[in-house]
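The residues making up each chain are set out below.
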There are 2 protein chains.
Amino acid sequence: MTTVRPRGGSRATIYQVAEAAGVSIATVSRMISSPDKVSPGTRDKVQHAIDRLNYVPHGAARSLAARQQEAYGLVLPELAGPYYAELLTGFEQAAAERGAGVVLLLTHDKEDVERAVSRLAGRVDAIALMGGVHASVETVSAVARKIPVVRVAAEQTDEIETFSTENMESARELTRHLLHVHGLRRLVFVGATATVPDARGRYQGFVEAHREAGLRPAPRLAADLSEDGGRRVAEMVADGLLSADGVVCANDELALGLLAGLAAAGIEVPGTIAVTGWDDQMAARYVTPALTTVRQPVRELGRRVADRIHELLSGENGSTADHEIATELVVRRSCGCP
Amino acid sequence: MTTVRPRGGSRATIYQVAEAAGVSIATVSRMISSPDKVSPGTRDKVQHAIDRLNYVPHGAARSLAARQQEAYGLVLPELAGPYYAELLTGFEQAAAERGAGVVLLLTHDKEDVERAVSRLAGRVDAIALMGGVHASVETVSAVARKIPVVRVAAEQTDEIETFSTENMESARELTRHLLHVHGLRRLVFVGATATVPDARGRYQGFVEAHREAGLRPAPRLAADLSEDGGRRVAEMVADGLLSADGVVCANDELALGLLAGLAAAGIEVPGTIAVTGWDDQMAARYVTPALTTVRQPVRELGRRVADRIHELLSGENGSTADHEIATELVVRRSCGCP
DNA sequence: TTGTATGCGTTATCAC
DNA sequence: GTGATAACGCATACAA
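What counts, and at which threshold
Residues numbered from 1 in each chain as written. Chains lettered and ligands numbered in written order. Predicted model: local features only at pLDDT ≥ 70, side-chain atom pairs only at ≥ 80, totals over all residues. Heavy atoms only, no water. Contact = heavy atoms within 4.5 Å. Salt bridge = Lys/Arg side-chain N within 4 Å of Asp/Glu carboxyl O. Helix = DSSP H or I, 4+ residues; strand = E, 2+ residues; numbered from the N terminus. Nonpolar A, V, L, I, M, F, W, Y, C, P; charged D, E, K, R; others polar. Pairing = 2+ DSSP bridges. Buried < 20%, exposed > 50% of the residue type's maximum accessible area, 1.4 Å probe, protein only. Near = heavy atom within 4 Å. Polar contact = N/O pair within 3.5 Å; in protein donor to acceptor, adjacent residues only side chain to side chain. Least-squares fit on C-alpha atoms with pLDDT ≥ 70 in both. Domains from an automatic or database assignment. Buried area = accessible area lost by both parts, 1.4 Å probe.

### Considering the interface of chain A and chain B
Step number 1: Facing the 74 residues of chain A at the interface are 74 residues of chain B.
Step number 2: At the junction of chain A and chain B, the tally comes to six salt bridges.
Step number 3: We note a salt bridge from B:Lys110 to A:Glu92, for which the minimum N-O separation is 2.8 Å.
Step number 4: Examining the composition of the side of chain A that touches chain B, we find that six residues originate from one element, helix H5 (residues 81-97) of chain A, more than from any other.
Step number 5: The residue makeup of the side of chain A that touches chain B, split by class, is 32 nonpolar, 23 polar and 19 charged.
Step number 6: Of the pairings in the sheet, the one linking strand E2 (residues 101-106) of chain A to strand E2 (residues 101-106) of chain B comprises three bridges and is antiparallel in character. What sits directly across from A:Val102, in E2(B), is B:Leu104.

Now the structure itself:
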């Protein structure tokens, strides 16, 4: 095992290739971007030189001359859970299909997010910013003045396009199910969080389902969207502080933690209390009882975001309408279904 | 909702800032990289101009002039499961601490991986390549001739540094546990895969534990490292094709699928057959019985890879020794423990 | 089809 | 401390 590059890897430049092939750099350049614009004869010569010299164009030089970075930026708070990973996967796929690379920025551990986002803006053609990311409106719109910016699962704004999965309708459907199929009457929604706009829409659906049934919805209960948050709710139930017959959680981790806490306290699910989640992550299928939840096509969401960025960049106008992706209710046993 | 940039965002250049501040571009440049080398007076002027013009240096131009891209490349097969996400998280954190961005390449869906990796090599200072990635030795060493390349969880090579989590020892410990604590005697290892070098080391530990106990290890059973792979193994057991009293799976998903399949077939775990996994992903804690597995500090692995890349780049020689990270056996109920 | 020449926005090396 | 100015490696308009 040895250091790969003994200090100073030799990168061939377009000039060296041109000289080796006995042509001008313009021809080499054409060879890279549009090989069909160069005659078969020279094409071989140049290709041979490229192979022999192991030539790869210098990305920065390309970007500078061509005035485009061939890269999209994606800003995420973190990568915990399947949501962000799926989003990133779809985003990267679509970006790659457009010939763009993806530079990723995780903000969770950073001290100066604003600065990081600004810097990023200097290295990419456009940026997609996840809702949960803590960046000031000023910074975001400053960046947006330079390059296209879109947001994912964020508050709607007049100046920035927003993408999200559908929340309200699915939450309403889910709540109706609890209300009318299982006859539950003391439902509580857990997961109020300022930083997750998605949660707000979900609660809204929860409220509407109650209203249309002539019932009064309980105010939502604040909790971390984490297993710990769920365990804390379980404690409230165990202590008799909370006496619901069903808990609608803003995400799966919360629900999973709640399930674990309830089981530890000997409280039956769904018998004594029903539980639902949101995301349909892997553990939701494996826990007992299996978790009723809502599946979001997050990968597709990521794809669309990147596609839209490409539209923005290439001047195609496309739809500027709301970009909202449908979700799917996944009924399992934790809600009371057999 | 409106298109952010009406075709042609106005990016201020260093020249405009210089003019607005009444200084030369050299001073502006200094202002960016080392503000202390410019007098307090002009510093204010320049900073003011920067703020007013919303100036952010053009990344490509910087890279070209400074001869470094300030970015590391990470090549992963995909992002399914927690492993890659954790690796990426640690990698990004460490890279960011070094002032480098991360450009991510997912190869799973790409048709021409070699080409993609080559292109990437033109845009970053160094590349970390995951073992499972399907890239020819020629391509990799061609890239390695240009920029530093390290591999993660890959076969050892003479010319490329390799990072991985410890496999053999932990597998031996795990197998010993099954053999001696639970008295199991018909163990089988599932998950032979050419593309996952990690699995090989794990089987090796499995073999050694048998040898040192004077037992004959069964040959390993091929299977996809997925839930489906696990279900298929369960079918073999249900059909009486396989009659083991314990199954050591190469990863958790495999074990989880196996658990589900066994449960569906009415076969008791761990009573009739014990099951273990590898990775300790979330579902492992929630499944019943909870899965005995091995936890790998993957995030730390990612951090170290990025740190080493920085060393390589900055000429610090550091250790060229084997980069192997310790793992931790996590004993739960699926192996027979109470 | 091919070559020449200019510009892309910075950094860095010099002088001053 | 500050300012000219020469690279940096490539794309591209234009000319041949």
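### Observations regarding unusual backbone geometry
Step number 1: Geometrically, the link from A:Thr288 to A:Pro289 is a cis peptide bond, its omega value of -5° lying close to zero.
Step number 2: Mapped onto the elements of the fold, A:Pro289 is located in the loop between helix H12 (282-286) and strand E10 (293-295).
Step number 3: For B:Glu70, which is not glycine, the phi dihedral falls at a positive 55°.
Step number 4: Structurally, the position occupied by B:Glu70 is in the loop between helix H4 (59-66) and strand E1 (71-76).
Step number 5: Despite not being glycine, B:Asp280 has its phi angle at roughly 55°, a positive value.
Step number 6: Checked against the element boundaries, B:Asp280 lands in the loop between strand E9 (274-276) and helix H12 (282-286).
Step number 7: Residue class for B:Asp280 comes out buried when judged on its relative accessible area of 13%.

### Some points on the protein's contact with DNA strand C
Step number 1: The immediate surroundings of DNA strand C are formed by 25 residues, with A:Thr27, A:Arg30, B:Ile14, B:Ser29 and B:Ala65 found nearest.
Step number 2: Within the side chain of A:Arg30, a nitrogen or oxygen atom sits 2.6 Å from a base oxygen of DNA strand C.
Step number 3: Elements with a contribution of two residues or more to the surface near DNA strand C: helix H2 (25-33) and helix H4 (59-66) of chain A together with helix H1 (14-21), helix H2 (25-33) and H4 of chain B.
Step number 4: Per element, the largest residue contribution to the surface near DNA strand C is four residues, and it comes from H4(B).
Step number 5: Broken down by class, the residue content of the surface near DNA strand C amounts to 15 nonpolar, seven polar and three charged.

### Notes on the relation of the copies chain A and chain B
Step number 1: With an RMSD of 0.1 Å, the operation that places chain A on chain B is a rotation of 180° combined with a shift of 0.0 Å along the axis. The transformation just described matches what one would write down for a two-fold rotation axis.
Step number 2: Both copies present the same face, since 100% of the interface residues in chain A are matched by interface residues at the equivalent positions in chain B.

### Details of the domain arrangement of chain A
All names here are of chain A.
Step number 1: Domain assignment breaks chain A into domain 1 (14-165 + 299-325) and domain 2 (168-295).
Step number 2: In this structure, domain 1 and domain 2 have C-alpha centres spaced 39 Å apart.
Step number 3: In this assembly, nine residues from domain 1 lie in contact with seven residues from domain 2.
Step number 4: Around 590 Å² of area is buried between domain 1 and domain 2 when both sides are counted, 48% of it from carbon and sulfur atoms.
Step number 5: Per-residue buried area on domain 1 facing domain 2 is highest for Pro 82, Ala 153 and Glu 155; these three make up 52% of the total on that side.
Step number 6: Joining domain 1 to domain 2, the criterion identifies one salt bridge.

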